[in-house]
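As a plain string of letters, each chain reads:
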Amino acid sequence: QVQLVESGGGLVQAGGSLRLSCAASGRTISRHAKGWFRQAPGKEREFVAAISWTGSTYYADSVKGRFTISRDNAKNAVYLQMNSLKPEDTAVYYCAADPFYYGPLEYEYDYWGQGTQVTVSS
C-alpha cells in the first residue's frame, strides 16, 4: 500500500512563493513517475506538472516558467516550487504517482494524496 502526503500549502500574497512537498510511505515508489494536480473551487481538477523517474519534466502552459517540479528518489519525495504566484493559482494541490506514466492525464495515475490548500491573496 502506498500513501502520499502533501505539505507546504498555505496563504501567500500574489507574487510570493511556496514550496510544496509530497512524501511517499509504504511501498517504495522511488522509480515511479510523479505529478501535481490542482482543483480550484467549483472547477475540475487540472494538471500542473509531472516528472519521470529519470527527471524529465512536463508542465501545464499556465504554470510554465513559474513552477518547478523536482524529486529526490532517495527520500521517495517530489516537490513543487511555485514562484510568482497569482490569485488564480488558488486551489487544493494534489500529488500523484504512477509506475510508468507522467503527463496530464489524471486517470493514468495509480496513487493520490489527500491534497494541500494553497491560497493566493491579491
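Residues numbered from 1 in each chain as written. Predicted model: local features only at pLDDT ≥ 70, side-chain atom pairs only at ≥ 80, totals over all residues. Heavy atoms only, no water.

We now examine unusual backbone geometry. Across the chain, the bulk of peptide bonds are trans and the bulk of non-glycine residues have phi less than zero. In this structure, N76 is a non-glycine residue whose phi angle is positive, near 60 degrees. Among the structural elements, N76 can be located in the loop between β7 (67-72) and β8 (77-82). Exposure remark for N76: the relative accessible area of 10% places this residue in the buried category. Non-glycine residue S84 carries a positive phi angle of around 50 degrees. When you line up the elements, S84 lands in the loop between β8 and β9 (91-98). (Helix = DSSP H or I, 4+ residues; strand = E, 2+ residues; numbered from the N terminus. Buried < 20%, exposed > 50% of the residue type's maximum accessible area, 1.4 Å probe, protein only.)

In this section: the pairing of strand β4 (residues 33-39). Within β4, six of the seven residues are buried, which leaves the element mostly enclosed by the surrounding structure. Two elements, β4 and β9, share seven bridges in a ladder whose sense is antiparallel. Within β9, the residue paired with Q39 across the bridge is V92. Judged from the five bridges that link them, β4 and strand β5 (residues 46-51) form a sheet pairing that is antiparallel. Looking at the pairing, K34 lines up with I51 of β5. Linking β4 back to β5 in an antiparallel pair, the connection comprises six residues, with G42 at a positive phi of about 75 degrees. (Pairing = 2+ DSSP bridges.)

This next bit is on the pattern of salt bridges. Applying the stated rule across the entire model yields five salt bridges. Of the charged contacts, one joins R38 and D89 as a salt bridge, the two residues approaching to 2.9 Å between their closest N and O atoms. One end of the pair, R38, is in strand β4; the other, D89, is in the loop between β8 and β9, and 51 residues separate them in sequence. Looking at D89, the relative accessible area reads 1%, which means it is buried. Among the salt bridges present, the one from E106 reaches R45, with a minimum N-O distance of 2.8 Å. Placement of the pair is E106 in the loop between β9 and β10 (111-112) and R45 in the loop between β4 and β5, with a sequence separation of 61 residues. A relative accessible area of 25% means that R45 is categorised as partly exposed. (Salt bridge = Lys/Arg side-chain N within 4 Å of Asp/Glu carboxyl O.)

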